[in-house]
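# Residue-level structural notes
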Amino acid sequence: MSISRRSFLKIAAVTAGSAPIASAFVGCDEKDKKKAASKDPFALDPKLKWGKAPCRYCGTGCGVMVGVKDGKIAAVVGDKLNPVNKGLLCAKGYFLPAMLYGKDRLTTPLIRKNGVLEKASWDEALGLIAARFKNALDTTGPKSVSIYGSGQWTITDGYIATKFMRAAIGSNNLEANARLCMASAVTGFLTTFGADEPMGCYDDFEKADTFVLWGNNMAEMHPVLFSRLLERRRKSPWVKIIDIGTRRTKTTKWADMYVEFKPNTDLALANCISRHIIKSGLYDRAFMDEHVLFKKGLTNIGYGLEDKFGFKDKPQAITFEELQKDLEKYTFEYTSEVTGVNTGQLKQLAGVYADKFSKIVSLWCMGVNQHTRGTWMNNLIYNIHLLTGKISKPGSGPFSLTGQPSACGTVREVGTLAHKLPSNLVVMKPEHRQKAAGIWGIEPDKIPAKPGYNTVEMFRALDRGDIKLMWIQCTNPFQTMPNLNRYTEGAKKDDRFIIVSDIYPTPTTEVADVVLPTAAWVEREGMFGNSERRTQHWFKQVDPPGEAKPDNWQIMEVAKRLGYEYLFNYNPENPEKDIFEEYRRFTLNVGKDLAPYEVYTQKRGLRWPVVNGRETLYRYNGQYDPYVSKGKDIEFYGNKKNDKKAVIWSRPYEAPPESPDKDYPFWLCTGRVLEHWHTGSMTRRVPQLHRARPFAFVEMHPDDMAQIGVGNGDKVRLTSRRGDIELKVVTGENRKPQKGLVFVPFYDEDKLINMLTLDAYCPISKQPDYKKCAVKIERT
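Report follows, based on the coordinates. Source: prediction; values computed, not measured.

### Some details on the sheet that holds strand β9 (residues 174–176)
Within the open sheet, the seven strands sit side by side as β7-β6-β22-β21-β20-β8-β9. Their pairing is mixed. Of all the strands in the sheet, the pair left with one neighbour each is β7 (116–119) and β9. Here the average twist between neighbouring strands, direction ignored, is 20 degrees. In this structure, strand β8 (residues 145–149) lies alongside strand β20 (residues 469–473), joined through four bridges in parallel fashion. The residue bridging Ser146 from the neighbouring strand is Met470, located in β20. Along the sheet, helix α5 (residues 155–169) contacts β8 and β9; its crossing angle with β8, the most-contacted strand, is approximately 165 degrees.

### A look at helix α14 (residues 343–354)
An ideal rise of 1.5 Å per residue puts 16 Å on 12 residues; α14 measures up with 16 Å between its terminal C-alpha atoms. The N-terminus of α14 is capped by Asn342, whose side-chain oxygen sits 3.0 Å from the backbone nitrogen of Gly344.

### Concerning helix α6 (residues 183–193)
In an α-helix there are 3.6 residues to a turn, and that puts residues three or four apart on one side. Within α6, nine of the 11 residues are buried, leaving the element largely enclosed by the surrounding structure. If you check which residues of α6 are buried, you get Ala183, Ser184, Ala185, Val186, Thr187, Gly188, Phe189, Thr192 and Phe193.

### Remarks on the sheet that holds strand β14 (residues 292–296)
Overall, mixed pairing links the three strands, which are arranged β15-β14-β26 in an open sheet. Either end of the sheet is taken by a strand with one partner, and the two such strands are β15 (316–318) and β26 (646–650). If you compare each strand with its neighbour and ignore which way they point, the axes differ by 45 degrees on average. In this sheet, β15 lies alongside β14 in antiparallel orientation, the contact comprising three bridges. In the strand pairing of β15, Lys296 is matched with Gln316. Sitting on the sheet, helix α12 (residues 320–327) touches β14, β15 and β26, and the angle it makes with β26 is about 35 degrees.

About the thresholds
- Residues numbered from 1 in each chain as written.
- Predicted model: local features only at pLDDT ≥ 70, side-chain atom pairs only at ≥ 80, totals over all residues.
- Heavy atoms only, no water.
- Pairing = 2+ DSSP bridges.
- Helix = DSSP H or I, 4+ residues; strand = E, 2+ residues; numbered from the N terminus.
- Axes fitted to C-alpha atoms, helices over the stretch in contact; angles between N-to-C directions.
- Contact = heavy atoms within 4.5 Å.
- Expected span 1.5 Å × (residues − 1).
- Polar contact = N/O pair within 3.5 Å; in protein donor to acceptor, adjacent residues only side chain to side chain.
- Buried < 20%, exposed > 50% of the residue type's maximum accessible area, 1.4 Å probe, protein only.

This is the structure:
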């Protein structure tokens with residue numbers, strides 16, 4: 001099946017008053033204005049004031065034109081000049097304006113008094129936060145305070161947070177919710193290439209012959225990008241889409257081939273493909289000799305289930321022959337037995353990758369990353385591309401997608417994780433701390449050399465009392481953390497102090513001692529960085545409601561009250577520019593180069609590294625990347641310690657920490673849906689989206705439903721070793737998990753599925769596995 005681009009063209013408008021105002025474009029020059037209007041079949045209403053911005057939701061980075069009337073967002077239109085989406089928007093993007101205007105929007109600071117949140121002034125709230133910071137620092141030290149942020153932070157929000165924690169507080173207890181979705185992608189890139197983030201870009205979607213989706217429901221999670229795949233196939237009928245997963249989804253409907261594997265066995269599946277490529281002699285020996293070396297690490301590495309779990313891998317060099325020996329067991333027959341995939345499909349899939357004349361792109365997101373061997377699984381996908389030389393070339397390469405608008409730009413690039421500093425620097429290296437200290441004007445010793453707590457360990461520390469104060473911004477962890485009961489109860493303990501900055505009440509504000517109202521999206525200026533390394537800027541276009549303020553303003557105001565005003569002495573007329581230009585100093589001459597601030601205000605984003613005004617489409621490719629040594633076709637220069645070569649890893653299949661048994665006979669997998677974004681705190685307040693998907697549900701295979709004696713719409717109780725929940729059953733061709741597996745989305749705050757999930761994590765990336773735990777199901 002194929003679909004034309006025109007069928008995706010939509011427009012969403014929300015009327016807000018009728019008084020006409022002058023037409024203007026914010027952040028667009030006159031040429032852009034005329035060009036956009038001339039190309040848009042739905043001409044932009046001249047009565048509205050129009051400005052450009054990236055979308056507020058997923059990591060795709062779609063461009064939107066925002067129409068303002070009477071001080072409110074009145075309409076949005078897909079930006080046809082933005083190369084990411086070319087005018088297309090998904091269901092959530094159509095209704096962006098309504099996201100800002102829920103009736104219960106937070107508009108004033110709140111302080112909990114006698115168990116009740118009461119209105120307060122900014123001065124009172126900020127003063128209380130500063131006093132509690134000071135008390136914790138004086139009594140229990142910098143290790144007892146923390147900030148938990150978000151891939152929805154703007155770039156400058158994240159930068160101010162990391163500067164505040166490292167340079168002012170002297171603590172590395174800074175984490176972000178991208179640890180829950182992208183950490184395995186980071187460690188996968190780092191262990192294989194020595195540098196984070198994809199080498200390719202979205203241009204590959206118009207160049208590849210085959211797209212292999214590893215556990216990635218792209219039709220619902222990244223629908224605009226998926227439409228580009230469909231359009232590529234419509235124009236070029238030989239193009240194929242292969243869906244590898246544990247449940248049939250809307251992506252399966254559009255796929256040419258569906259490969260269903262047993263949960264956690266994707267490791268064996270990837271190794272089988274590599275074995276076939278080698279055994280058949282279809283690997284690119286010249287590419288490997290020039291650009292690859294081989295390693296293996298420890299095995300049976302644990303699952304992070306114990307408090308204060310620690311792991312450090314011990315990589316050792318191996319030969320190509322030793323790799324072959326490690327792969328020998330992954331025959332088609334053995335792999336079929338482990339994975340449940342028939343040998344014919346295994347041979348067909350392996351043959352697709354091995355075809356020397358076919359360009360291929362591998363795509364994945366949470367299915368690979370939320371995995372107790374997530375780093376290994378990323379490594380194994382890279383192995384396949386490195387064995388065949390199908391990497392860093394137009395139309396060929398591995399591509400890890402992201403789920404938040406700035407998980408890349410803010411968390412991964414700015415470095416809002418417990419071990420990181422901006423631009424791929426880490427706190428463990430003295431020379432990196434020296435560089436950061438020089439830019440910040442502090443002594444290097446102020447930055448601790450030991451990483452802080454990763455996300456799961458941070459919430460465990462809060463429960464134990466090792467962390468006394470936590471400031472949560474722009475995220476909803478008391479809906480998203482696995483093994484949720486433990487961490488919610490821990491936050492409620494008497495000597496804990498929780499600050500939450502958000503735009504709406506959530507399960508997280510329910511446990512807060514102070515709630516701060518946040519300015520969202522185009523209510524303030526900002527920048528996001530998307531999945532293809534594209535940094536995009538937008539100007540403020542409307543005022544926030546009430547007294548809401550940007551996240552970075554909130555942090556800097558607390559810093560001033562703690563005596564650190566000198567670290568945040570930015571131009572009050574344009575602090576965003578000053579902050580960004582300071583951050584940009586970290587990125588220059590290290591392969592992460594960002595353009596000057598003014599450039600982004602006029603562009604629809606640029607893909608870094610940006611050198612001499614030119615963006616980079618393909619990293620590590622000498623035709624495109626200025627950091628590749630002269631005369632080299634490919635050079636993985638991030639891996640300096642490995643002679644600028646990529647690493648092919650020997651990583652075995654290992655079982656998950658919890659599997660179905662006689663007491664809990666079903667797998668539980670969690671995830672998202674098309675209509676809602678993450679915890680639904682914004683999208684459930686959009687009437688159209690809420691009506692389309694009002695409550696959470698459990699997907700079941702028809703045979704499992706028959707065994708239990710339930711039909712569509714009946715209620716069942718799911719129980720794990722950690723909690724239980726009642727849900728209605730749904731099934732259908734677009735929503736059919738394999739037999740023995742059930743799927744539940746996590747957007748419904750009235751149905752907290754994470755009370756059941758397991759807080760096991762990948763020992764290398766520290767990212768939890770939300771896709772695999774054991775449950776029992778009973779009819780209610």
